[in-house]
Amino acid sequence: MSVRIQYFAGLREALGMGGEEIELPAGVATVGALRDWLAGQGRDALSTAKNLRCAVNQQMAGFGVAVRSGDEVAFFPPVTGG
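Participant: Break down the overall build of the protein chain for me, citing the residues and quoting the values.
Facilitator: Check the secondary structure of the protein chain and you find three helices and five strands. Listing the helices and strands of the protein chain from first to last along the sequence gives β-α-β-α-α-β-β-β. Relative to its 82 residues, the protein chain shows a buried fraction of 39%. In the protein chain, 50% of the contacts between residues at least 6 apart in sequence involve partners at least 24 apart. For the protein chain, the computed accessible surface area is about 4700 Å², with 48% contributed by carbon and sulfur atoms. Between the centroid of the 7 positive side chains of the protein chain and the centroid of its 8 negative side chains there is a distance of 7 Å.

Participant: So what's going on with the environment of Phe 8? Which residues, and what values?
Facilitator: Here Phe 8 shows up in the loop between β1 (2–7) and α1 (10–15). Those residues in contact with Phe 8, other than ones at most four positions away along the chain, are Ala 74, Phe 75, Phe 76 and Pro 77.

Participant: Run through the sheet that holds strand β3 (residues 53–56), naming residues and quoting values.
Facilitator: Strands belonging to one sheet form pairs held by backbone hydrogen bonds; the direction of such a pair is parallel or antiparallel. Spatially, the five strands line up as an open sheet ordered β2-β1-β5-β3-β4, and their pairing is mixed. Either end of the sheet is taken by a strand with one partner, and the two such strands are β2 (19–23) and β4 (59–60). Note that β3 and β4 share two bridges and pair antiparallel. Of the residues in β4, the one forming a bridge with Ala 55 is Met 60.

Participant: Run through the nonpolar core, naming residues and quoting values.
Facilitator: Counting 20 residues, the largest nonpolar core has Ile 5, Tyr 7, Leu 34, Leu 38 and Phe 75 as the members making the most contacts within it. Of all the secondary-structure elements, those providing two or more residues to this core are β1, α1, α2 (31–40), α3 (45–48), β3 and β5 (72–76).

About the cut-offs
Residue numbering note: each chain is counted from 1, following its sequence as written. Residue-level local features of this predicted model are given only where pLDDT is at least 70; pairs of side-chain atoms are given and counted only at 80 or more, and the full residue set underlies all totals for whole chains, interfaces and linings. Calculated side-chain values reflect all of the structure's heavy atoms, with hydrogen atoms and water omitted. Put simply, DSSP H or I for four residues or longer makes a helix, DSSP E for two residues or longer makes a strand, and each gets a number counted from the N terminus. Note on classification: 1.4 Å probe, protein chains only; a residue is buried when its accessible area is under 20% of the maximum for its type, exposed when over 50%, partly exposed between these limits. Only heavy atoms enter the contact rule, under which two residues are in contact if any of them lie within 4.5 Å. Here the accessible surface of atoms and residues is derived via Shrake-Rupley with a 1.4 Å probe, and residues count as covered only by protein chains that are part of the display. Charged residues are defined here as Lys and Arg on the positive side and Asp and Glu on the negative side; His and the ends of the chain fall outside this count. Here the site of a charge means atom NZ of a Lys, CZ of an Arg, CG of an Asp or CD of a Glu. For two strands to be treated as a pair, DSSP must find at least two bridges joining them. Nine residue types can take part in a nonpolar core, namely buried Ala, Val, Leu, Ile, Met, Phe, Trp, Tyr and Cys, and a core is a set of them joined through side-chain atoms within 4.5 Å.

As structure tokens, this is what we get:
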């Protein structure tokens with residue numbers, strides 16, 4: 001199953017990339033499982049970010065939301081502006 005991952009704000013800086021396309025292994029079926037798997041693949045900033053937010057196909061999503069082939073999953077810390 002192939003998904004597109006997007007990283008924003010401090011995550012983009014910490015990981016040194018804005019996004020990637022990956023093939024998920026069997027068993028990675030939710031946003032939370034995806035986050036945990038990515039963290040285990042060396043993207044440590046995902047496991048240490050406080051109040052991490054995510055979206056699936058540009059809709060805010062919780063960590064229990066299913067991930068399907070072709071989805072775009074975005075991870076970002078809360079941001080404020082002024």
